[in-house]
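Single-letter residue listing:
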Amino acid sequence: MKPKLRVLLVQLPVPNNPGLNTPLAAGYLKAFAYAQGLGSRFEIELLPRALADHAGDALLEDAIAAREPDIVGVSLYTWNSERSLGIIERVKRRLPSVRVVVGGPEVQNDNRWVLEHPAVDVAVIGEGEQTFAELLRHWGDDGGPFIPLVGAAESPLAAIHGIAYRWHGATHFTAERAALSDLAAIPSPYLAGYLGLPRDGTLMIEISRWCPYACSFCLYGRNMGPRLGSRYFGLERVLAEIAWGREQGIRRVHFVEANLNLVPLFWPLMRALAELNRDRQMTFYAELRGEHLTDEVVAALDRANVRYVEVGLQTANLAALKASHRRTDLQKWAAGTRRLYEHGIEVYLDVILGLPADDAAGVAETLDFIRREALGTYDIFTLQVLPGTAVRQASAEYGLRFQDRPPYYVLATSTFGFGDLRRLRRQLKHGANLPPDAVEGMPEPRHDALVRRQEPAADSPTSQIWLCPPAPHGGQLIHRLAAHVDVVLRAADRAAHTPLLAAAIVANPFSVFDVYIHYDAETPLNAPEQLRQWRAALPFQASYLDRVAVYSGGDAAAAYARVSPRLWLVLPWSAQAEPAAYASVAEIIWQYTLAEGEEPPLGAWAAAGGAGVWLPGGTALDRASWGILGGVPIWG
């Protein structure tokens with residue numbers, strides 16, 4: 001009997017929110033493949049969350065290569081596609097015979113950089129369960145190494161529907177895969193035991209694969225057909241998954257559904273949840289259509305403890321709505337949204353900047369509409385010209401210029417130049433009380449970064465490089481780093497430690513490094529330009545977060561702004577420095593030692609500016625209360 005082929009499924013997280021990285025798609029692939037009888041020929045493993053969610057690039061590469069998979073399946077989303085493919089490309093250098101299959105929203109006919117990436121052998125376009133199972137069946141029957149047949153006119157993969165693959169230097173597409181007519185064919189990966197969750201994780205529950213709308217900027221429901229039919233999961237299964245989550249101690253549930261209040265399952269689901277969740281231990285997140293939020297619907301949501309909802313909006317400019325193929329009755333939508341507020345349900349209301357046919361007057365009308373209708377707070381998003389969307393196909397018509405890699409932000413339209421979009425984006429962020437230069441998806445700095453942490457277990461990622469003084473680590477440190485790393489060093493030793501930092505960045509090019517540089521009274525403070533030049537000389541390759549930051553500090557030509565490493569200067573309280581002078585390159589943290597019995601000088605700390613105050617010693621309770629009272633971040 002042939003040994004089983006090893007399959008490893010990988011999904012990497014949003015950089016600042018690994019808790020949401022529930023690999024539901026990978027769980028579906030495993031559950032469907034095993035239901036098709038492929039478990040006798042394949043051993044399918046999901047990369048453990050402890051690694052996928054937290055490990056740095058080098059540790060992920062080592063962990064994947066150490067498993068010696070025959071096949072690697074990778075779920076690609078805008079936030080993880082470059083990083084995932086970069087890591088898998090390294091793995092392929094170590095395991096030349098491994099077969100790499102990619103799928104997910106990033107895999108579209110018009111997204112050539114993914115389809116032609118050297119890490120990719122086969123790209124699954126659209127719904128993946130049937131196609132992935134057929135690929136496994138093909139390779140299980142073959143069993144040999146993945147080597148093109150020399151001189152063959154056609155790849156053996158040509159008969160498998162729903163894929164793209166490289167053959168003799170060209171990209172080939174097979175016939176479109178018909179979507180599953182009945183989702184009951186996919187077993188629940190939760191109930192089958194294939195997909196576990198940490199207690200603080202989020203239970204992702206898919207309701208249907210359907211959307212009756214055709215918004216030009218959205219991928220939801222594409223390749224899935226406009227008719228619902230049986231393309232939804234049954235009530236019994238959905239409730240069983242939620243009950244399973246309760247048993248696991250899960251408190252947060254996210255319904256993966258674009259229009260929860262429109263699907264036939266809505267009313268029986270709400271009635272069942274009102275009983276199942278009568279202790280309100282679980283909170284639910286849902287996406288809803290605002291025009292259909294009647295008093296009865298909102299009351300049902302409240303009884304079920306649906307506490308967080310997304311209702312869209314995007315724009316109130318009628319021309320932009322029409323150009324975006326978005327059908328919205330604005331008055332009904334506003335009335336439905338206000339009903340949510342009346343029941344104390346938190347509403348996520350989005351405004352998209354850069355939509356086709358939108359202009360400054362249209363954006364002003366959107367903001368006026370929000371105020372007139374008393375719709376509360378809103379968030380600002382920049383249009384993403386996503387692969388596979390209608391807006392990308394019509395980009396020339398509307399003068400859209402956009403990034404060629406994720407997040408695919410629009411950089412100019414027929415009515416807005418880059419500078420216009422940047423100024424307007426800042427104005428809108430200010431108006432919504434949001435930090436105008438925050439980089440969405442960037443991990444928050446850790447306020448305990450200046451305290452030396454215990455070394456983690458040998459097989460766990462380490463999130464700190466402590467160089468004050470250097471800890472013995474050998475040459476393996478850079479292969480054990482987390483995806484977000486704090487580097488703590490003395491200013492006097494900065495040059496000596498630069499080679500180690502550079503090596504860590506080369507080994508972990510997609511990781512975020514936060515560098516904290518301690519100055520004492522004897523060490524002269526570096527000028528901002530010196531620090532800028534030092535940072536610029538460190539290794540760098542632009543990736544997702546750098547492109548997200550384009551409106552925070554980049555330009556249209558480069559289409560990105562470097563975000564890592566971030567620098568903090570830890571200065572004695574007596575140092576003479578103006579935080580504003582360093583704002584473009586580093587933030588200043590003031591070191592303050594409280595004398596015994598001294599009251600914290602909250603007013604002086606606030607007046608000093610910078611990123612806050614570091615208090616060596618002291619209790620966590622003191623730091624928290626002083627931070628709140630003084631309005632100053634307290635590090636320690």
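Caption draft 1: Region of the structure containing helix 7 (residues 235–247). Relative to the 18 Å expected for 13 residues at 1.5 Å per residue, helix 7 spans 18 Å between its end C-alpha atoms, a close match to the ideal helical length. Regarding helix 7, the residues found buried are Arg237, Val238, Leu239, Glu241, Ile242, Trp244 and Gly245. Close packing links the buried residues of helix 7 with helix 1 (24–35), strand 8 (202–206), strand 9 (252–256), helix 8 (266–276) and strand 10 (283–287). Following helix 7 by one or two positions, glycine 249 has its phi on the positive side, about 85 degrees.

Caption draft 2: Seen up close, the packing of aromatic side chains. Tallied over the entire structure, the rule returns 18 aromatic pairs. An angle of 15 degrees between the planes, with centres 4.8 Å apart, marks the rings of phenylalanine 418 and tyrosine 551 as stacked. Of this pair, phenylalanine 418 sits in helix 14 (residues 418–431) while tyrosine 551 sits in helix 18 (residues 550–553), and the two are 133 residues apart along the sequence. A network of ring pairs unites the aromatic residues Trp573, Trp590, Tyr592, Trp605 and Trp626 as a single cluster. Above the plane of the ring of tyrosine 408 lies arginine 392, whose end atom (NZ or CZ) is 5.1 Å from the centre. Sitting over the ring of tryptophan 534, arginine 494 keeps its end group 5.1 Å from the ring centre.

Caption draft 3: Representation of the sheet that holds strand 12 (residues 346–353) in the model. The strand order across the open sheet built from six strands is 8-9-10-11-12-13, with neighbouring strands paired in parallel fashion. Here the strands that pair on one side only, and so sit at the sheet edges, are strand 8 and strand 13 (379–382). The average undirected angle you get between the axes of adjacent strands in this sheet is 25 degrees. Where strand 12 meets strand 13, four bridges bridge the pair, whose relative direction is parallel. When the sheet's bridge partners are listed, aspartate 350 is paired in strand 13 with aspartate 379.

Caption draft 4: Quick peek at the packing of helix 8 against helix 9 (residues 295–304). It is at 8 Å that the axes of helix 8 and helix 9 come closest, and there the two elements cross at 35 degrees. Crossing handedness for the pair helix 8 and helix 9: left-handed. Across the interface between the two elements, Phe266, Trp267, Met270, Leu273 and Ala274 from helix 8 touch Glu296, Val297, Ala300, Leu301, Arg303 and Ala304 from helix 9. Across the contact of helix 8 with helix 9, the residue classes break down as nine nonpolar, no polar and two charged.

Caption draft 5: Representation of helix 4 (residues 81–94) in the model. Its 14 residues place the ends of helix 4 20 Å apart at the C-alpha level, agreeing with the 20 Å of an ideal helix rising 1.5 Å per residue. Buried residues dominate helix 4, accounting for 10 of its 14 residues. Those residues of helix 4 not exposed but buried are Ser81, Glu82, Arg83, Ser84, Leu85, Gly86, Ile87, Ile88, Val91 and Lys92.

Caption draft 6: Quick peek at unusual backbone geometry. Following proline 406, the chain continues into proline 407 via a peptide bond in cis, with omega recorded as 10 degrees. For proline 407, the location among the structural elements is in the loop between strand 14 (401–402) and strand 15 (410–412). Residue proline 469 is reached from cysteine 468 by a cis peptide bond, and omega for that bond is -10 degrees. When you line up the elements, proline 469 lands in the loop between strand 16 (462–467) and strand 17 (481–490). Of note, the phi angle at glutamate 68 is positive, near 45 degrees, even though the residue is not glycine.

Caption draft 7: Layout of the pattern of salt bridges. By the definition in use, this model includes 39 salt bridges. The closest approach of N and O atoms between glutamate 455 and arginine 480, which form a salt bridge, is 3.7 Å. Separated by 25 residues along the polypeptide, glutamate 455 in the loop between helix 14 and strand 16 and arginine 480 in the loop between strand 16 and strand 17 bring together distant segments of the chain. As a salt-bridge pair, glutamate 529 and arginine 532 come within 2.6 Å of each other at their nearest N and O atoms. Separated by three residues within a single helix, glutamate 529 and arginine 532 lie in helix 16 (residues 528–537), roughly one turn from each other. The class for arginine 532 is partly exposed, based on a relative accessible area of 31%. Look at the salt bridges and you will find they share partners, linking Glu127, Glu129, Glu206, Arg209 and Arg231 into a network.

Caption draft 8: Here's a closer look at the sheet that holds strand 19 (residues 566–572). Taken together, seven strands build an open sheet; the order of strands is 16-17-18-19-20-21-22 and the sheet is parallel. The open sheet has two free edges, formed respectively by strand 16 and strand 22 (634–635), since each of these has just one partner strand. For strand 17 and strand 18 (residues 512–518), the ladder comprises seven bridges, and the chain directions are parallel. The residue of strand 18 that forms the bridge with aspartate 486 is aspartate 514.

The rules behind each value
Residues numbered from 1 in each chain as written. Predicted model: local features only at pLDDT ≥ 70, side-chain atom pairs only at ≥ 80, totals over all residues. Heavy atoms only, no water. Helix = DSSP H or I, 4+ residues; strand = E, 2+ residues; numbered from the N terminus. Expected span 1.5 Å × (residues − 1). Buried < 20%, exposed > 50% of the residue type's maximum accessible area, 1.4 Å probe, protein only. Contact = heavy atoms within 4.5 Å. Phe/Tyr/Trp six-rings, centres within 6.5 Å; stacked < 30°, edge-to-face > 60°. Lys NZ or Arg CZ within 6 Å of the ring centre and 35° of its normal. Pairing = 2+ DSSP bridges. Axes fitted to C-alpha atoms, helices over the stretch in contact; angles between N-to-C directions. Left-handed = near helix turned anticlockwise from the far one by under 90°. Nonpolar A, V, L, I, M, F, W, Y, C, P; charged D, E, K, R; others polar. Salt bridge = Lys/Arg side-chain N within 4 Å of Asp/Glu carboxyl O.

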